[in-house]
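Observations on the three-dimensional arrangement
The chain contents come next:
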Amino acid sequence: QLFRQEGTCYQQAKQVLHVAVPDRLHGRERETGIIRQFLRDHICGHRPGSLYISGAPGTGKTACLSRVLLDCKDELAGSKTILLNCMSLSSPASIFPTVAKELGLPGATGREGVRRLEKQLTAKGPMILLVLDELDQLESKGQDVLYSLFEWPQLPSSRLVLVGLANALDLTDRSLARLAAHPAGSPQLLHFPPYTREQLAAILTERLGQVAGDPVLDAAALQFCARKVSAVSGDARKALDVCRRAVEVVELEVRSQTLLKPLPRGE
């Protein structure tokens, strides 16, 4: 019975160290607020526009946006939301038939298909929120695909709000320079910096604080992990993964000690 209880605490610790979207994102209050305000201004305010979110892997871009979409579900209920990870596309140009299918249109292949898609995006109807994760996968020769996407919100009567996420900070400067010449200008930019040691330590402490009983990993171990990860990458997913592996090591040690423990005398 005692070992089963001990084992349960390790299972709980591994569960809280998963990388799913938490209820609260430490150190990302500012970024979450900006995303929420952008969606309210543009979706609820019926104003087309675009937002480009950049940041290295594990800095909370996708988690923050997912959290905001969950929190604002009621506010966005009257609009159409399309979520796509561009890593799943066979080529940059395949974004057009993919979006067309999401909107209930025939596959938008070729120039005529793209025109049909643009006609749908400028027709009367609810606002459309198009979220493209791993946006840099759509870079192509001449950047025609990216230009088309970011020019859609600028079309007369457009009802599209575009949110793109990618690792590269300079994607818009490097690949979308000609958008700046348009009266509506380039997309709004939001950069996620790497997590600091203090932020990583707070994330780990908060997660493991959900496990009842004595701490599975002590505070010094969490600080050590936060310091090492912040020095290399500031990647929260990496910090969670390191701690989850540490819990697995401790669990194995406890299990082996329990199994090898000598029986009391007289038994």
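Residues numbered from 1 in each chain as written. Predicted model: local features only at pLDDT ≥ 70, side-chain atom pairs only at ≥ 80, totals over all residues. Heavy atoms only, no water.

**Section: the overall build of the protein**
Each helix and strand counted, the protein has 10 helices and five strands in total. Residues classed as buried in the protein amount to 43% of the 267 residues present. Sequence-distant contacts, at least 24 apart, represent 79% of the contacts inside the protein between residues at least 6 apart. Surface exposure of the protein reaches about 14400 Å², of which carbon and sulfur atoms provide 54%. (Helix = DSSP H or I, 4+ residues; strand = E, 2+ residues; numbered from the N terminus. Buried < 20%, exposed > 50% of the residue type's maximum accessible area, 1.4 Å probe, protein only. Contact = heavy atoms within 4.5 Å. Areas by Shrake-Rupley, 256 points an atom, 1.4 Å probe, with all protein chains shown as cover.)

**What about the packing of aromatic side chains?**
Summed over the entire model, instances satisfying the criterion amount to one aromatic pair. Here R28 stacks its cationic end above the ring of Y195, 4.1 Å away from the centre of that ring. (Phe/Tyr/Trp six-rings, centres within 6.5 Å; stacked < 30°, edge-to-face > 60°. Lys NZ or Arg CZ within 6 Å of the ring centre and 35° of its normal.)

**Here's the deal with the nonpolar core**
Side chains of nonpolar character tend, in soluble globular proteins, to be buried together. Of all hydrophobic cores here, the largest spans 28 residues; its most connected members are I95, L130, L132, L135, L138 and L149. Listed by contribution, the elements that provide at least two residues to this core are β2 (80–85), α4 (95–102), α5 (110–121), β3 (128–133), α6 (144–151) and β4 (160–166). Setting aside anything within four residues of it in sequence, one finds L130 in contact with I82, L84, V99, L149, L160, V161, L162 and V163. Membership of the second largest hydrophobic core comes to 24 residues, among which are V16, L17, Y195 and L204. (Core = buried A, V, L, I, M, F, W, Y, C linked by side-chain atoms within 4.5 Å.)

**Here's the deal with the sheet that holds β2**
A sheet is described by the order of its strands in space; here five strands give the open sequence β2-β3-β4-β1-β5, paired in parallel fashion. In this open sheet, the two edge strands, each paired with only one partner strand, are β2 and β5 (188–192). Between one strand and the next, the sheet's axes are offset by a mean angle of 15°, whatever the strand orientation. In the sheet, β3 pairs with β4 via five bridges, with the strands oriented parallel. Following the sheet pairing, I128 is matched in β4 by L160. On the sheet, helix α2 (residues 29–44) packs against β1 (49–55), β3, β4 and β5 and is oriented at approximately 160° with respect to β5. Helix α3 (residues 61–71) contacts β1, β2, β3, β4 and β5 of the sheet and is inclined by roughly 150° relative to β4. (Pairing = 2+ DSSP bridges. Axes fitted to C-alpha atoms, helices over the stretch in contact; angles between N-to-C directions.)

**Things to note about α3**
For α3, the complete set of buried residues consists of K61, C64, L65, R67, V68 and L69. Contacts from the buried residues of α3 go to α2, β1, β2, β3, β4 and β5.

**Some thoughts on the pattern of salt bridges**
With the rule as written, the count across this model stands at eight salt bridges. Measuring nitrogen to oxygen at the nearest pair gives 3.3 Å for the salt bridge that ties R115 to E112. Highlighted residues: R115 and E112, both in helix α5, separated by three residues, approximately one helical turn. Its relative accessible area of 48% is what places R115 among the partly exposed residues. Salt bridges sharing partners connect three or more residues here, namely R36, R67 and D71. (Salt bridge = Lys/Arg side-chain N within 4 Å of Asp/Glu carboxyl O.)

**Concerning the environment of D136**
Among the secondary structure elements, D136 is positioned in the loop between β3 and α6. Separated by 31 residues in the primary sequence, D136 and N167 place their C-alpha atoms 7.7 Å from one another. If we ignore the near neighbours within four places in the chain, the residues touching D136 are A166, N167 and A168.

**Focus: the confidence of the model for the protein**
Of all residues in the protein, 87% have pLDDT values of 70 or greater, and the mean over the chain is 85. Segment residues 1–6: pLDDT under 50, and four contacts once partners within four positions in sequence are set aside and those in other chains are kept. (pLDDT = per-residue confidence, 0-100.)

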